[in-house]
Amino acid sequence: QVQLVESGGGLVQPGGSLRLSCAASTSIFSMYTMGWYRQAPGKQREMVAEITTIGNINYLDSVKGRFTITRDNAKNTVYLQMNSLKPEDTAVYYCNAKGALLVYGNYWGPGTQVTVSS
């Protein structure tokens, strides 16, 4: 069982920045594709950014050029740097860990609220 703990959410003005962190309780962190998802009220959860075990990265089109995902395998942590935030980025952001093998499992964090408002 892997526990994921997100931090760094909060209230920010449009154009501002936030950095989300997700710490994972596993000794095989490098064997997980790590992702950030978000869910706004009344909308489906969507993938924002993910970084694979070999460092390949994918972004949601609407965040390209504004958000950056990185991982630190030594610290078992994945980050999401969010710049030029817009009101439409407001959502609960969830960290996800997807094992390279099925046996490693698929895990979600409890989520952290990001609110972009003036």
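The structure we're discussing is the one just above.
Residues numbered from 1 in each chain as written. Predicted model: local features only at pLDDT ≥ 70, side-chain atom pairs only at ≥ 80, totals over all residues. Heavy atoms only, no water.

Colleague: Can you walk me through the packing of aromatic side chains in this structure?
Modeller: Remark: the centre distance and the inter-plane angle together describe each pair of aromatic rings, the angle taken between the planes. Taken as a whole and assessed by the stated rule, the structure comprises 3 aromatic pairs. Between the aromatic rings of Tyr-32 and Tyr-104, the centroid separation amounts to 6.1 Å while the plane-to-plane angle is 40°, which identifies the pairing as tilted. You can see Tyr-32 sitting in strand β4 (residues 32–39) and its partner Tyr-104 sitting in the loop between β9 (91–99) and β10 (106–108), a full 72 residues away along the chain. A network of ring pairs unites the aromatic residues Tyr-32, Tyr-104 and Tyr-107 as a single cluster. When the ring centre of Tyr-79 is taken as reference, the NZ or CZ atom of Arg-19 above it lies at 4.0 Å. The aromatic ring of Tyr-94 is capped on one face by Arg-45, whose charged end is 3.8 Å from the ring centroid. (Phe/Tyr/Trp six-rings, centres within 6.5 Å; stacked < 30°, edge-to-face > 60°. Helix = DSSP H or I, 4+ residues; strand = E, 2+ residues; numbered from the N terminus. Lys NZ or Arg CZ within 6 Å of the ring centre and 35° of its normal.)

Colleague: Whenever I open this one, the nonpolar core confuses me. Can you help?
Modeller: Soluble globular proteins: nonpolar side chains tend toward being buried together. Judged by nonpolar contacts, the single largest core of 30 residues is most densely connected at Leu-4, Met-34, Trp-36, Val-78, Leu-80, Met-82 and Tyr-93. Counting only elements with at least two residues in this core, the list comes to β3 (18–24), β4, β5 (46–51), β7 (67–72), β8 (77–82), β9 and β11 (112–116). For Met-82, the residues in contact, after removing those within four places along its chain, are Gly-16, Ser-17, Leu-18, Leu-20, Arg-66, Phe-67, Tyr-93 and Val-114. (Core = buried A, V, L, I, M, F, W, Y, C linked by side-chain atoms within 4.5 Å. Buried < 20%, exposed > 50% of the residue type's maximum accessible area, 1.4 Å probe, protein only. Contact = heavy atoms within 4.5 Å.)

Colleague: I keep staring at unusual backbone geometry and nothing clicks. Help me out?
Modeller: Working note: non-glycine residues mostly have negative phi, and peptide bonds are mostly trans. At Asn-76, a position not held by glycine, the phi torsion is positive, near 55°. Mapped onto the elements of the fold, Asn-76 is located in the loop between β7 and β8. The backbone phi angle of Ser-84 is positive, close to 50°, even though this residue is not glycine. Position of Ser-84 relative to the elements: it lies in the loop between β8 and β9.

Colleague: Which parts of the structure should I look at to understand the pattern of salt bridges?
Modeller: In this structure the tally under the stated criterion is 4 salt bridges. The residue Asp-89 makes a salt bridge to Arg-66 at a minimum N-O spacing of 2.8 Å. Taken together, the residues span a long stretch of sequence, with Asp-89 in the loop between β8 and β9 and Arg-66 in the loop between β6 (57–59) and β7 at a distance of 23 residues. The buried category is assigned to Arg-66, whose relative accessible area is 10%. Taken together, the shared-partner salt bridges connect Arg-38, Glu-46, Arg-66 and Asp-89 into one network. (Salt bridge = Lys/Arg side-chain N within 4 Å of Asp/Glu carboxyl O.)

Purely spatial values, then, with no claim about function.
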